[in-house]
Amino acid sequence: MKRVQILLGLAAVGIATGGWLGLNAPPDALQGEYSRIINVHVPSSWLAFLAFGVTAFGSIAWLIRRKPKWDRLAASSAEIGVLFTGIALVTGMIWGHAVWGRAWDWGDPRLASTAVMFFVYLGYLALRATIDDPTVRARRSALLGAIAVVQVPLVYFSVNLWRSLHQTQSIRPDGSTMPDEMLRAMLINVIAFTILYVALLYARMGVAKAESEADQRGASAERVKPPLVDEVRDV
Amino acid sequence: MSEALVVGITFAASYGLIFGYAAYLHVRRRKTGR
C-alpha cells in the first residue's frame, strides 16, 4: 500500500509540473487555448495503448502458466485502460467540437476504431462480471484479452493507413511538429501519467487479490460451518 | 463559455476522475478487510 501512495505522490507532482508547464506554454496560433487539451488527451491515449498491451501480456502469461496473478494483472490493466480510453475519447470530443466544429464523426478511422476498442474492452469487463468460476473466467477473458490487442496497432496507425480528420503523429523519427514548450509539457505529462498507471495497477491488483482471498476464506468457512442446534437435536 | 474555462473544466474533470478512481480503490481495499 505504501508503494501505491509513493507512486501516486510522484505522479501528482509530475502532473502538477506538466499541467503548470502546459498552461504556461504559449497558445497555438490556430487552436488557441484548446491546444492545451493535448496535455490530458495524448497521455490518456498512450496509457490506453499501454494498458491494453499489458492486458494481452497478462492474458498470454495466464494461458501458458495458469497462475491467478497473471489473470489479476490482465483484468486490472483492462479496467484502467477503459478509464483512460474514456478520458481520451471525451477530451478528444471537446477539442474536436472547438477546433473541427464537430465533436464526433463515425466516418473518421481514428475516432471509430478508438470507440470500437473502448466497447470491446468494456465487453471484456462485462464478460468477467458474468462468470463466477475463477478458472473459467480467467480462461475466457485471457482468450479475449490476447485477441483484442490487435486493435491497438490498428488504432495507432489508422491515421497513416486511411484518410483521417485526426492529425498524424506529432513525434516522428525525423523530429517533432510541435514547439519545444508544448512538447516538453506533453512529455512530462506522459511520464507522470505512466507513473500514475503503475500506481493504479498495483492498487487494483491489490484489491483483486484481497477480494479473491476473502472469497476463499468465505468458501472455507462455509465448508466447516458448525451444524445448527435443530440439526443436532434431530440426530 | 470562454476557451480557458472549457480547458480548465476538462483538466479538472479528467484529474478528478483519475484520482477519484484511486480513492475508490483505496476504500474498496479497506472494505475487503486487508
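I will try to describe carefully the structure that is included in this document. This is a predicted model, so every value here is computed, not measured. (Residues numbered from 1 in each chain as written. Chains lettered and ligands numbered in written order. Predicted model: local features only at pLDDT ≥ 70, side-chain atom pairs only at ≥ 80, totals over all residues.)

**Some thoughts on the interface of chain A and chain B**
In this complex, chain A contributes 23 residues to the contact, which on the side of chain B involves 19 residues. Secondary-structure elements contributing two or more residues to the side of chain A that touches chain B are α1 (2-24), α3 (68-99) and α7 (180-223) of chain A. For the side of chain A that touches chain B, the leading source of residues is α7 of chain A, giving nine residues. Looking at the side of chain A that touches chain B residue by residue, the class counts come to 15 nonpolar, four polar and four charged. (Contact = placed C-beta atoms within 7 Å. Helix = DSSP H or I, 4+ residues; strand = E, 2+ residues; numbered from the N terminus. Nonpolar A, V, L, I, M, F, W, Y, C, P; charged D, E, K, R; others polar.)

**So, the packing of α3 of chain A against helix α1 (residues 3-32) of chain B**
Interhelical geometry of α3 of chain A versus α1 of chain B gives an angle of 175° and a closest axis separation of 11 Å. Overall, the two elements α3 of chain A and α1 of chain B adopt an arrangement that is roughly antiparallel. Within the contact between the two elements, α3 of chain A uses L83, I87, T91, I94 and A98 of chain A and α1 of chain B uses V6, T10, S14, L17 and Y21 of chain B. (Axes fitted to C-alpha atoms, helices over the stretch in contact; angles between N-to-C directions. Parallel < 35°, antiparallel > 145°, perpendicular 65-115°, else oblique.)

**Quick notes on the nonpolar core**
Residue and element names in this part refer to chain A. Among the nonpolar cores identified, the biggest contains 59 residues, and A51, F52, L196 and Y197 are the most heavily contacted of them. Looking at this core, the element that brings in the most residues is α7, giving 14 residues. Beyond its immediate chain neighbours, meaning those up to four positions away, A51 contacts S77, A78, I80, G81, F84 and Y197. (Core = buried A, V, L, I, M, F, W, Y, C linked by C-beta atoms within 7 Å. Buried ≥ 20, exposed ≤ 12 C-beta atoms within 10 Å, placed from the backbone.)

**Some details on the environment of W104 of chain A**
All names here are of chain A. Secondary-structure assignment places W104 in the loop between α3 and α4 (109-130). Overall, the presence of 15 C-beta atoms within 10 Å leaves W104 in the partly exposed class. Discounting chain neighbours no more than four positions away, the residues touching W104 are M93 and L111.

**Considering α1 of chain A**
The first and last C-alpha atoms of α1 of chain A sit 33 Å apart over 23 residues, in line with the 33 Å expected at 1.5 Å per residue. Looking at α1 of chain A, one finds that the buried residues are V4, L8, A11, I15, G18 and G22 of chain A. Residues of α1 of chain A that are buried sit in contact with α2 (38-65) and α7 of chain A together with α1 of chain B. (Expected span 1.5 Å × (residues − 1).)

**Notes on unusual backbone geometry**
Most peptide bonds are trans, and most residues other than glycine sit at a negative phi. Residue R66 of chain A is not a glycine yet carries a positive backbone phi of 60°. Position of R66 of chain A among the secondary structure elements: in the loop between α2 and α3.

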